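The chain contents come next:
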There are 2 protein chains.
Amino acid sequence: MDYIISNRMKDVSGSMIRELFKLAKDPAMIKFGGGNPSEEAFPVKEIAEISERAFKEQAVGMLQYGLSEGYTPLRDTLKKRLSEEGIDFEKNDILIVSGAQQAADLSSKVLLNEGDGVIAEDPSFVGCLNTFRAYGAKLYGIPLKEDGMDLEVLEKTLEENRNIRLMYIIPSFQNPTGFTTTLEKRRAILDLAKKYDIIIFEDNPYGELRFKGEDVKTIKSMDEDSRVIYAGSFSKVMAPAFRVGFMVLPKPLMQKMTVAKQTTDVHTTVLFQHICNEYMTSYDYASHIKRVRELYKHKAELMVSSMEKYFHPDVKFSYPDGGLFVMAFLPEGMDSQVFVKKGIDNLVACVPQVAFAVDQSKTYSGFRMNYSSESDENIVKGVRILGQMTYDALKK
Amino acid sequence: MDYIISNRMKDVSGSMIRELFKLAKDPAMIKFGGGNPSEEAFPVKEIAEISERAFKEQAVGMLQYGLSEGYTPLRDTLKKRLSEEGIDFEKNDILIVSGAQQAADLSSKVLLNEGDGVIAEDPSFVGCLNTFRAYGAKLYGIPLKEDGMDLEVLEKTLEENRNIRLMYIIPSFQNPTGFTTTLEKRRAILDLAKKYDIIIFEDNPYGELRFKGEDVKTIKSMDEDSRVIYAGSFSKVMAPAFRVGFMVLPKPLMQKMTVAKQTTDVHTTVLFQHICNEYMTSYDYASHIKRVRELYKHKAELMVSSMEKYFHPDVKFSYPDGGLFVMAFLPEGMDSQVFVKKGIDNLVACVPQVAFAVDQSKTYSGFRMNYSSESDENIVKGVRILGQMTYDALKK
């Protein structure tokens, strides 16, 4: 039988990272390629404790069908916390989703027609780029600088493409670059969204993982005319396998988004919503976050200082202020995909920039390195191996 | 700000059942309206036990990112069990989904273009009808009889509408009618699917809940040319809030469906997949299923025998062989929506057929009654109240 694949999915292929991982199965491989949070960061004891108590005291509530909008106590806690960060819940509401990836899926379902344009930082998180592609959206990549998108290219793109409906942005500790958009640029981006009447999808999975510098206000907190959809996640502060995230939505979008959620997976698992809520309200959540930040600060410093020591000086990178990633750039014109493949041969896995590119037919010089998954020893060892490779590559 | 809703979602509204529930909030309300499994059916002790052990012995595996395809031990167990029911895993594969609802979502995403036709039994499960609507599919309802769809109308519809790509069917203990499609009709439906080269989506959430009569082979087990997608669920045999279901897919569809899963919610929660697997492999799962069947048999018998006793003889219904529902039909021409609203005034909630109809602009005479959620006492009491109402309605 011949299967006809929908137009929207025909050209969407899996994440290149997964293909790389198949090459990288050797247990001796040093893993800078993934995006997994550190296993040391999971509050295992507390999770087990809350779970045990929940099954003892309110099993039925944890097991029976839940509300599509989400578990009410968690929604209330999030509203309280996010209000303190300046988000206005007179004008907004909270929808719990099965991981922030679902926030992109539901937003696309509700807001995008096939052929509609979506602005994305370039490079950007491939998971969400593929979500937009899976709804037949046309992606417009805007070069991402250390301080945020290139505003000139952004405005020109908006001006020339009136089919653009949505802008996808990870303003803090971006994946894959680790870059953080400055407050000035966030304001300018919001102004442009207003001028061209588009919606901003602000994805902030790493927001709580700042280990350097000062917090920068979220775009959502400056959103006066309700054009920002904000997505947060418990994957990096609790556990990814919980699949619990949340969307802050302008109230007029709440009903349609909830219907979209209903038709997609009915509701998010109740136990894990309960654990997130309990941990935030009855435990010392602040200390936990502090501990996770210190862990990542240590690992990031170790990786970046090793890169300073071992990498050829023509390879550029910058110290991230938070999150899980640092991106290194070979001199312009060099293809990092060749470099990454050689790295895998040498038992160090990174991800080439092309995996995160809007246009995957070009070549790029960057490669993403993750510092949250490996031991200190392997961080130093892996960077040393890559460093030797940079000298080899730049000698030729 | 004006929000432009996508064409595909513009006309999809929430399930009417939810709206009814808002009316039905009175704690004294007798709840025949929902589709919740009985809380007595949850294996709470075992779930708590497996969960506790998992967090003790393999916490990281339960908390870290999992595979989009699903938890390998669960996939293997399901393959083994379903092979015994005649499904061929040389030609098929298993994708774990976040509840069977997601099976419909992913199938639509991968297989349907806007405007493509989808055949559905009429009435049918509104959750999945809305999923197809949410991808811009055009629904064609085929009247459902006690032994399955009207084959004449089915063939005529297929003949006249060459845009039809998919057929959605719940062959066993259908929601909302409780009807089971006979083996002969299953064969005929598969033959028609072959003749018109369409895909069958066989939804079987209640398959294990047979409490009367003999098992009928699944359509998937007769699927020689790999045109059947089969969806199963743990919602009714373990717990709905697990959000764990599975799809049996022809192998050529596995890769695209997995990509669609990735872009939707990355993967299904690992702990609940592990609990389902542990319970099936290390506990007496067969006894559990037997106990659940006995519970539902008792409740179904109580409801139907009470209906025989209290309902006006012109109201028709049939004893289901399994599942959670029985549907009663007022004499043709009567609008069950009026009847159901009156029921809510009298503190008994049911769901009118129109909520499950492909064409919701017409009036229908049926109403769905659920027997799994209420106490024995309330089942008798609620049926007695509705019975009195049937006499009142038919007197006029």
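What you are looking at is a predicted structure, and each value in this text was computed from that prediction instead of being measured.

### Here's the deal with the packing of helix α8 (residues 151–160) of chain B against helix α9 (residues 183–195) of chain B
Residues and elements named next belong to chain B.
Here is step 1 of the chain: Where α8 meets α9, the axes come as close as 11 Å, and the angle between the chain directions of the two elements is 10 degrees. What the angle tells us is that α8 and α9 run roughly parallel. Contact residues: α8 offers Leu151, Leu154, Glu155 and Leu158, while α9 offers Lys185, Ala188, Ile189, Leu192 and Lys195.

### Concerning the packing of aromatic side chains
Two measures describe an aromatic ring pair: the distance that separates the ring centres and the angle between the ring planes.
Here is step 1 of the chain: Tallied over the entire structure, the rule returns 26 aromatic pairs over all chains.
Here is step 2 of the chain: Aromatic side chains phenylalanine 311 of chain B and phenylalanine 317 of chain B sit 6.1 Å apart centroid to centroid with 90 degrees between the ring planes, which places their arrangement in the edge-to-face category.
Here is step 3 of the chain: Residue classification places phenylalanine 317 of chain B among the partly exposed residues on the basis of a relative accessible area of 23%.
Here is step 4 of the chain: Through a chain of ring-to-ring contacts, the aromatic side chains of Phe242 and Phe272 of chain A together with Phe242 and Phe272 of chain B assemble into a single cluster.
Here is step 5 of the chain: When the ring centre of tyrosine 319 of chain A is taken as reference, the NZ or CZ atom of lysine 212 of chain A above it lies at 3.7 Å.

### Here we look at the interface of chain A and chain B
Here is step 1 of the chain: The interface of chain A with chain B comprises 82 residues on the first partner and 82 residues on the second.
Here is step 2 of the chain: Buried area between chain A and chain B, both sides added, is near 6,700 Å², and the carbon and sulfur share of it is 58%.
Here is step 3 of the chain: Three residues, Tyr3, Leu63 and Tyr65 of chain A, lead the burial of chain A against chain B; their summed loss comes to 11% of the area buried on that side.
Here is step 4 of the chain: For the pair chain A and chain B, the interface holds two salt bridges.
Here is step 5 of the chain: Aspartate 105 of chain A is the partner of lysine 109 of chain B in a salt bridge, and the nearest nitrogen-oxygen pair spans 2.5 Å.
Here is step 6 of the chain: Linking chain A to chain B there are 42 residue pairs in polar contact (both at pLDDT 80 or more).
Here is step 7 of the chain: Counting residues per element, the ones that place at least two in the side of chain A that touches chain B are α1 (7–10), α3 (44–57), α4 (59–63), α6 (100–111), α7 (126–133), α10 (251–265) and α11 (270–282) of chain A.
Here is step 8 of the chain: Here the element with the most residues in the side of chain A that touches chain B is α10 of chain A; it accounts for 10 residues.
Here is step 9 of the chain: Of the residues belonging to the side of chain A that touches chain B, the class tally is 38 nonpolar, 26 polar and 18 charged.

### Thoughts on the sheet that holds strand β14 (residues 366–370) of chain B
Sheet strands pair via backbone hydrogen bonds, and the direction of the pair is either parallel or antiparallel.
Residues and elements named next belong to chain B.
Here is step 1 of the chain: Pairing is antiparallel across the open sheet formed by four strands, whose spatial order is β10-β11-β14-β13. Looking along the sheet, the strands with just one partner apiece sit at the ends: β10 (316–317) and β13 (351–352).
Here is step 2 of the chain: In this sheet, β14 lies alongside β13 in antiparallel orientation, the contact comprising two bridges. Paired with proline 352 across the strands is phenylalanine 367, a residue of β14.

### Side note on the pattern of salt bridges
All names here are of chain A.
Here is step 1 of the chain: This model, assessed by the stated rule, comprises 50 salt bridges over all chains.
Here is step 2 of the chain: For the salt bridge of glutamate 52 with lysine 56, the shortest nitrogen-to-oxygen distance reads 3.7 Å. Linking glutamate 52 with lysine 56, this pair stays in helix α3, spanning four residues, or about one helical turn.
Here is step 3 of the chain: Relative accessible area serves as the criterion here: at 32%, glutamate 52 is assigned to the partly exposed category.

### What to know about the pairing of strand β6 (residues 164–169) of chain B
All names here are of chain B.
Here is step 1 of the chain: Counting buried positions along β6 gives six out of six residues, so the element sits mostly inside the fold.
Here is step 2 of the chain: Alignment of strand β3 (residues 117–122) against β6, held across four bridges, turns out to be parallel. Pairing of alanine 120 across the sheet is with tyrosine 168, part of β6.
Here is step 3 of the chain: In terms of strand pairing, β6 meets strand β7 (residues 199–203) through four bridges, oriented parallel. Its bridge partner lying in β7, isoleucine 169 is registered against glutamate 202.

### Structural notes on the pairing of β7 of chain B
Residue and element names in this part refer to chain B.
Here is step 1 of the chain: Counting buried positions over the five residues of β7 gives five, a clear majority of the element.
Here is step 2 of the chain: Residues Ile199, Phe201 and Asp203 of β7 are buried on one face, and the alternating residues Ile200 and Glu202, pointing to the opposite face, are buried as well.
Here is step 3 of the chain: On the question of chirality, the crossover connecting β6 to the parallel β7 by way of α9 is right-handed.
Here is step 4 of the chain: Of the strand pairs in this sheet, β7 and strand β8 (residues 228–233) are connected by four bridges, and their pairing is parallel. For isoleucine 200, the partnering residue across the bridge sits in β8 and is valine 228.

### Quick notes on the relation of the copies chain A and chain B
One copy of the chain maps onto the other through a rotation about an axis followed by a shift along the same axis.
Here is step 1 of the chain: Superposing chain A onto chain B takes a rotation of 180 degrees plus a shift of 0.0 Å along the axis, which leaves an RMSD of 0.0 Å. As the rotation angle and translation indicate, the two copies are arranged about a two-fold axis. When C-alpha distances to the rotation axis are compared across chain A, the minimum falls at glutamate 52 of chain A, with a value of 3.3 Å.
Here is step 2 of the chain: Same-surface contact between copies: 100% of interface residues of chain A are shared with the interface of chain B.

### Describing the side chain of lysine 261 of chain B
Residues and elements named next belong to chain B.
Here is step 1 of the chain: Turning to its location among the elements, lysine 261 is positioned in helix α10 (residues 251–265).
Here is step 2 of the chain: Polar side-chain contacts of lysine 261 include one of 2.9 Å to the side chain of glutamine 102.
Here is step 3 of the chain: Those residues in contact with lysine 261, other than ones at most four positions away along the chain, are Ser68, Leu95, Ile96, Val97, Ser98, Gln102, Leu106, Val266, His267 and Thr268.

### So, α3 of chain A
Each α-helix turn comprises 3.6 residues. Residues three or four places apart therefore point the same way.
Here is step 1 of the chain: Taking 1.5 Å per residue, 14 residues should reach 20 Å; α3 of chain A reaches 20 Å between its end C-alpha atoms and fits that length.
Here is step 2 of the chain: When we look at burial in α3 of chain A, the residues that qualify are Ile47, Ile50, Ser51, Ala54 and Phe55 of chain A. All buried residues of α3 of chain A lie within an arc of 130 degrees about the axis, which places them on one face of the element. Pointing more than 90 degrees away from the buried face of α3 of chain A are the exposed residues Lys45, Lys56 and Glu57 of chain A.
Here is step 3 of the chain: Contacts made by the buried residues of α3 of chain A are with α4 and α11 of chain A together with α3 (44–57) and α4 (59–63) of chain B.

### Considerations on the confidence of the model for chain A
Here is step 1 of the chain: Averaged over all residues, the pLDDT of chain A equals 95, while 98% of them reach at least 70.
Here is step 2 of the chain: Both scores are available for the predicted complex, with the pTM at 0.96 and the ipTM at 0.96.

### Quick look at the sheet that holds β7 of chain B
Residues and elements named next belong to chain B.
Here is step 1 of the chain: Pairing within the open sheet is mixed, and its eight strands lie in the order β2-β9-β8-β7-β6-β3-β4-β5. Either end of the sheet is taken by a strand with one partner, and the two such strands are β2 (92–97) and β5 (148–149).
Here is step 2 of the chain: Across the sheet, α9 is in contact with β4 (138–145), β5, β6, β7 and β8; its angle to β7 comes to roughly 145 degrees.
Here is step 3 of the chain: Taken strand by strand, α10 contacts β2, β8 and β9 (245–250), and its axis lies near 15 degrees from that of β2.

### Quick look at helix α13 (residues 336–345) of chain A
Residues and elements named next belong to chain A.
Here is step 1 of the chain: Residues of α13 that are buried: Ser336, Phe339, Val340, Gly343 and Ile344. All buried residues of α13 fall inside an arc of 140 degrees around its axis, so they share one side.
Here is step 2 of the chain: The distance from a side-chain oxygen at the start of α13 to the backbone nitrogen of glutamine 337 is 2.9 Å, and the residue carrying that oxygen is aspartate 335.

### With respect to the nonpolar core
Here is step 1 of the chain: Phe234 and Met369 of chain A together with Phe234 and Met369 of chain B are the most contacted members of the largest nonpolar core, which totals 224 residues.
Here is step 2 of the chain: Phenylalanine 234 of chain B has contacts with Leu74, Leu78, Ala239, Val244, Gly245, Phe246, Cys276, Met280 and Tyr285 of chain B, leaving out every residue within four places of it along the chain.

### Brief notes about unusual backbone geometry
Here is step 1 of the chain: Cis geometry is found at the peptide bond from aspartate 122 of chain A to proline 123 of chain A, where omega equals 5 degrees.
Here is step 2 of the chain: Along the polypeptide, proline 123 of chain A turns up in the loop between β3 (117–122) and α7.
Here is step 3 of the chain: The omega torsion of the bond from asparagine 175 of chain B to proline 176 of chain B falls at 15 degrees, within 30 degrees of zero and hence cis.
Here is step 4 of the chain: Secondary-structure assignment places proline 176 of chain B in the loop between β6 and α9.
Here is step 5 of the chain: Phi angles above zero are rare outside glycine, and leucine 347 of chain A is one such case at about 70 degrees.
Here is step 6 of the chain: By the secondary structure assignment, leucine 347 of chain A is in the loop between α13 and β12 (348–349).
Here is step 7 of the chain: The phi torsion at arginine 243 of chain B lies on the positive side, around 50 degrees, for a residue other than glycine.
Here is step 8 of the chain: Of note, arginine 243 of chain B is situated in the loop between β8 and β9.

Definitions and limits used
Residues numbered from 1 in each chain as written. Chains lettered and ligands numbered in written order. Predicted model: local features only at pLDDT ≥ 70, side-chain atom pairs only at ≥ 80, totals over all residues. Heavy atoms only, no water. Axes fitted to C-alpha atoms, helices over the stretch in contact; angles between N-to-C directions. Helix = DSSP H or I, 4+ residues; strand = E, 2+ residues; numbered from the N terminus. Parallel < 35°, antiparallel > 145°, perpendicular 65-115°, else oblique. Contact = heavy atoms within 4.5 Å. Phe/Tyr/Trp six-rings, centres within 6.5 Å; stacked < 30°, edge-to-face > 60°. Buried < 20%, exposed > 50% of the residue type's maximum accessible area, 1.4 Å probe, protein only. Lys NZ or Arg CZ within 6 Å of the ring centre and 35° of its normal. Buried area = accessible area lost by both parts, 1.4 Å probe. Salt bridge = Lys/Arg side-chain N within 4 Å of Asp/Glu carboxyl O. Polar contact = N/O pair within 3.5 Å; in protein donor to acceptor, adjacent residues only side chain to side chain. Nonpolar A, V, L, I, M, F, W, Y, C, P; charged D, E, K, R; others polar. Pairing = 2+ DSSP bridges. Right-handed = clockwise from strand over helix to strand, strands pointing away. Least-squares fit on C-alpha atoms with pLDDT ≥ 70 in both. Expected span 1.5 Å × (residues − 1). Arc of directions from axis to C-beta. pLDDT = per-residue confidence, 0-100. Core = buried A, V, L, I, M, F, W, Y, C linked by side-chain atoms within 4.5 Å.

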